[in-house]
Structure formats: structure tokens, C-alpha cells
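Coordinate analysis (summary)
Residue strings, one per chain:
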Amino acid sequence: MPDTLPYVLILYYSRQGATRALAEQIAAGVESRSGIAARLRTVPPVSPTCEAVDPEIPAEGAVYASLDDLRHCAGLALGSPTRFGNMAAPLKHFIDTTSELWIGGALIDKPATAFTSTSSLHGGQESTLITMLLPLLHHGMVYAGLPYSETELYSTTSGGTPYGASHLAGQRSDRPLDEAERHLAFAQGQRLARLALALEGAR
């Protein structure tokens, strides 16, 4: 059963922690608005072998997402590091299991957004965000990027796109979020929460 308080699901995969840092900042933006909560969830890595070897609960960070987390959310933020200009395989693997939600129209008219992290400035931030947008459209979700009323989009020299928040993590994936990246991720969370509340009422 869904909780009484509506929530935005922030579903991400993070290998080195950079995408996770963005997810936490988006969650802070969601929870800055009253009447809605943020729910952080991750996905397990995929293995070339057929047998799962990871524990059911990760040793640290967010717990693994279930289809019910997605089914009952009021909004969704989907996050992944880039993999050759595309989302990472573990996140794609999870999305590929959501057919029953698509068949039942569980996500139709819910707002969604995406966020990503790259090791290099031109490492495919925008193309990765677009790859995450496509399955959201197939699910009938309402995509919400970052409008240029967020003036950091004009001046950022690292992450931040109109398609969604992004982060330049550096070659060792150890560069922290800078002020512009933090602001844009927080603003993205705020916008998603506002739209989730509005569209929840309309449904």
C-alpha cells in the first residue's frame, strides 16, 4: 500500500558516488516543499553470470528499488552515470522489468526528470539524459527538465543542462558537486515536487 504522504521516487545507479550525490541534492529539493517526501532507491549491478551473488540489501546507501516503489510514486527522478553516452546497464536492466507497469498505465501523467554524471565535460551528459527520457515517454510520464529561469544554466562551466541536472565528476570521479550543480539539482527536486503535487491532485 502507498504511504499517506505522496513521494517522489529518486531512482539511480551510482558506481563511484557522484550520481548518488546528485540524487541526495535532488531529494533535498523535493523535501524543501511541504506535503511530499523523497524516496531514494538504487539498483544492483548486473553480472555476466546467470546467478545473483549480491546481497538483497546493499551494505550502504539506498536500498534496492521495487516495482511497487515505482508504481505508487507521485513523481520520478531517474539518475545514471554515462556509459558511452547512454545510461548504465544496471538502470536499463531495471527499467526493462517494468512492463507490467506499462501495461497497466501505472505511470501515466506522473511527472519525471533525469540526472547524470560524467568524468569529462563532453562525456555525453545530454545524450545520456535523452536515453533516460525515452522509456519515461513510453510510460506516458510528463517530462520536466530545467527551465532557463534557473540562471546557473547560463553560467555553469561544469554540469547543468535544460534536459536535467548533471555533474562533472572528473577523471577519478572524486570532484564534489560545485555550487551551480548543487543549486540546479536542488531546483530540479523542487520543481518535480511542485509538479507531482499539482498532477496528483489532477489525477
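Residues numbered from 1 in each chain as written. Predicted model: local features only at pLDDT ≥ 70, side-chain atom pairs only at ≥ 80, totals over all residues. Heavy atoms only, no water.

The predicted model of the chain has a mean per-residue pLDDT of 92, with 94% of residues at 70 or higher. Highest mean pLDDT in the chain belongs to strand β1 (residues 7–12) (98); lowest belongs to helix α6 (residues 152–155) (94). (pLDDT = per-residue confidence, 0-100. Helix = DSSP H or I, 4+ residues; strand = E, 2+ residues; numbered from the N terminus.)

Its 24 residues place the ends of helix α7 (residues 179–202) 35 Å apart at the C-alpha level, agreeing with the 34 Å of an ideal helix rising 1.5 Å per residue. For α7, the set of buried residues is A180, E181, L184, A185, A187, Q188, G189, L192, A193 and A196. Those residues of α7 that are buried are in contact with β1, α1 (18–31), β3 (75–81), β4 (111–118), α6 and β6 (165–168). With a side-chain oxygen positioned 3.1 Å from the backbone nitrogen of A180, the residue opening α7 is D178. (Expected span 1.5 Å × (residues − 1). Buried < 20%, exposed > 50% of the residue type's maximum accessible area, 1.4 Å probe, protein only. Contact = heavy atoms within 4.5 Å. Polar contact = N/O pair within 3.5 Å; in protein donor to acceptor, adjacent residues only side chain to side chain.)

On to unusual backbone geometry, then. The phi torsion at D109 lies on the positive side, around 70°, for a residue other than glycine. Backbone geometry at S173 places phi at a positive 55°, although glycine is not the residue there. Counting through the fold element by element, S173 comes out in the loop between β6 and α7.

All right, on to the pattern of salt bridges then. One pass over the structure, following the stated rule, counts eight salt bridges. The salt bridge involving E24 is made with R20; its shortest N-O contact spans 3.3 Å. Here E24 and its partner R20 are both found in helix α1, four residues apart, which amounts to about one turn of the helix. The class for E24 is partly exposed, based on a relative accessible area of 39%. A relative accessible area of 28% places R20 in the partly exposed class. Two residues, R39 and D69, come together in a salt bridge whose shortest N-O distance is 2.9 Å. A residue pair is termed long-range when its members are at least 10 positions apart, and R39 in strand β2 (residues 37–42) and D69 in helix α2 (residues 67–71) qualify at 30 residues. With a relative accessible area of 16%, R39 lands in the buried category. Classification of D69 by relative accessible area gives buried; the value is 7%. (Salt bridge = Lys/Arg side-chain N within 4 Å of Asp/Glu carboxyl O.)

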